[in-house]
Amino acid sequence: MKSSRFAAIAAAALVCPGLVLVASPASANPAAGAPGAHNAITDVPGIQVGQVQSDTAPYLTGTSVVYMPQMSVASVDQRGGAPATKETDLLSPLNSNPGVNAIQLGGSSMYGLSATNGIIRWLEDRGEGVRVGAGGVAPIVPAADIFDLGRGGDPKARTSAEWGYLAAQATSDGPVRQGGVGGGTGARGGGMRGGVGTASVHLGDGIYVGAMVIVNPAGSPVDPADCTLYGVKYGIGNEFAGYKAPKKKECNPPTPPAAAAEQPANTTIAVVATNAPLEKAAAQRMSGNAHDGMARAISPIHTLGDGDTVFAVSTGKGEALQINDPADSRQLNAIFNAGASTLARAIAKAVLSSESIGNTTSYCDRYPSACKGMKQLKQWRTQGDAPDVTPETFAQASQALAQTPVPAPAGADKGKDKPKGKPNAAPAGNTTEQESQNGMVLASGNTGGPTLSTGVTTGLLAAAILGVGLLGMHLRGRRRAPSGPLS
């Protein structure tokens, strides 16, 4: 029998999404069944979020990262027909990977997966990851991206490793900004702007479930019968206070040009998390059940044009809850059900937090009467950091990524006199090679790869000179030969 600290979870789940007026044992925690302090995934202990973006033409994209300072158990369930994902096979309970350091939810489709390289580098510089070899680490960063290419102009205006590095630098456990930010900057669905949403619930005794989502579906979060949001009905307490069904004259307006031109290349991606300790198989079941939250808040869902993907993370320590232990079933079902409801709430919050941009209209601008009384929207759209990527910050990240220390081969200095004094350091971003007692630094520069070593360059130059000399001797010999007719 597992610890009794999960005893309140099942009771909370029976009454969610309604507010539960049950006192929590810990005064720092809200009542069981209520949202956490930030009503965000960062209410789950051990979870941080960082986001960056640009909406300066030709850009309309960004990157979000969910970071776990302590490597955490994770799994994934992918159900859309057109995913852009990375490192998801590692998360199968059949494979040996122990956990993840971070998860990327990004824009720029398959091209944006390269942003994970910046997150990985940031983690490596901090020594975080699976230990490999002598002092080395292999950071584990699965990813899923939405399709937003060309929505701000040039389809080649997309994220890269620098964006991931900057997003990782921005991680914190505080409030999370929602709407058209981070990986949801270029998101849209149902002919409207999508974006980032997040929510949480306290299940009692310090156990939380949180969700973060990027809403970019081929389907729609709007019920065509009355133009209300499907996900609002799962709100807790006064979470959606002030929200009303749109006036009839606003409902079902003519299809705007942006929606008519929209291509069926979309995706809704999410992370659900808990600090209850889960085995890897239980995490996979949690990610699968959370897809029910997508189905509650978006219709249709999981189409062939979507790449719908949900990651599940457990930051908890101690004896893990197991899906094949009957004694754990009640607690697990409560956590799984909370994951689905919390994700549905996060989807509604993403849509309500988004703001119109260009010719893409937000829900609240299309149905102003629905949002008029929602004073909390300003807080959702502004709380938490989400720095813009600028030429200056991009250059700083490029410099941080420019040089990778490569140790010298073992025994390379045997039989050689070591140079006295310290070697001169090569400038950051230079494409020259720096040799030192600690090995070399290969600077990537703008050449796409490391430069040739001095020895190889000298050899090639000598061969070229020898070739020119031989050619000259051959030509001089031909000029000295008789020019008359052959006998």
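Residues numbered from 1 in each chain as written. Predicted model: local features only at pLDDT ≥ 70, side-chain atom pairs only at ≥ 80, totals over all residues. Heavy atoms only, no water.

A. Structural view of a positive patch on the surface. A cluster of like positive charges, contributed by K244, K247, K249 and K372, occupies part of the molecular surface. Mapped onto the fold, K244 is located in the loop between β11 (207-215) and α5 (257-261). (Patch = residues over 30% accessible without salt bridge, like charges linked within 9 Å, V, L, I, M, F, W, Y side chains within 5 Å. Areas by Shrake-Rupley, 256 points an atom, 1.4 Å probe, with all protein chains shown as cover. Salt bridge = Lys/Arg side-chain N within 4 Å of Asp/Glu carboxyl O. Lys, Arg positive; Asp, Glu negative; His and termini not counted. Charge placed at Lys NZ, Arg CZ, Asp CG, Glu CD. Helix = DSSP H or I, 4+ residues; strand = E, 2+ residues; numbered from the N terminus.)

B. A look at the pairing of strand β10 (residues 195-204). Counting buried residues along β10, 10 of its 10 residues qualify, which places the element largely inside the surrounding structure. The sheet contact formed by β10 and β11 spans nine bridges and is antiparallel. Residue A199 lies in a different strand from β11, and its bridge partner there is A211. Hairpin connection between β10 and β11: a loop of two residues separates the two successive antiparallel strands, and D205 in this loop has a positive phi of roughly 55 degrees. (Buried < 20%, exposed > 50% of the residue type's maximum accessible area, 1.4 Å probe, protein only. Pairing = 2+ DSSP bridges.)

C. How the structure looks around the environment of A144. With respect to the helices and strands, A144 occurs in strand β7 (residues 143-145). For A144 and T267, which are 123 residues apart along the polypeptide, the C-alpha to C-alpha distance reads 9.2 Å. For A144, the residues in contact, after removing those within four places along its chain, are A84, T85, Q104, L105, G106, I269, T309 and F311. (Contact = heavy atoms within 4.5 Å.)

D. Structural context of the pattern of salt bridges. Tallied over the entire structure, the rule returns four salt bridges. With a closest N to O distance of 2.9 Å, R126 and E128 form a salt bridge. In this structure, the salt-bridge partner of R345 is E239, at a minimum N-O distance of 2.8 Å. A residue pair is termed long-range when its members are at least 10 positions apart, and R345 in helix α7 (residues 329-353) and E239 in the loop between β11 and α5 qualify at 106 residues. The exposure classification of R345 matches that of E239, with both residues buried.

By themselves, these figures tell us nothing about what the structure is for.
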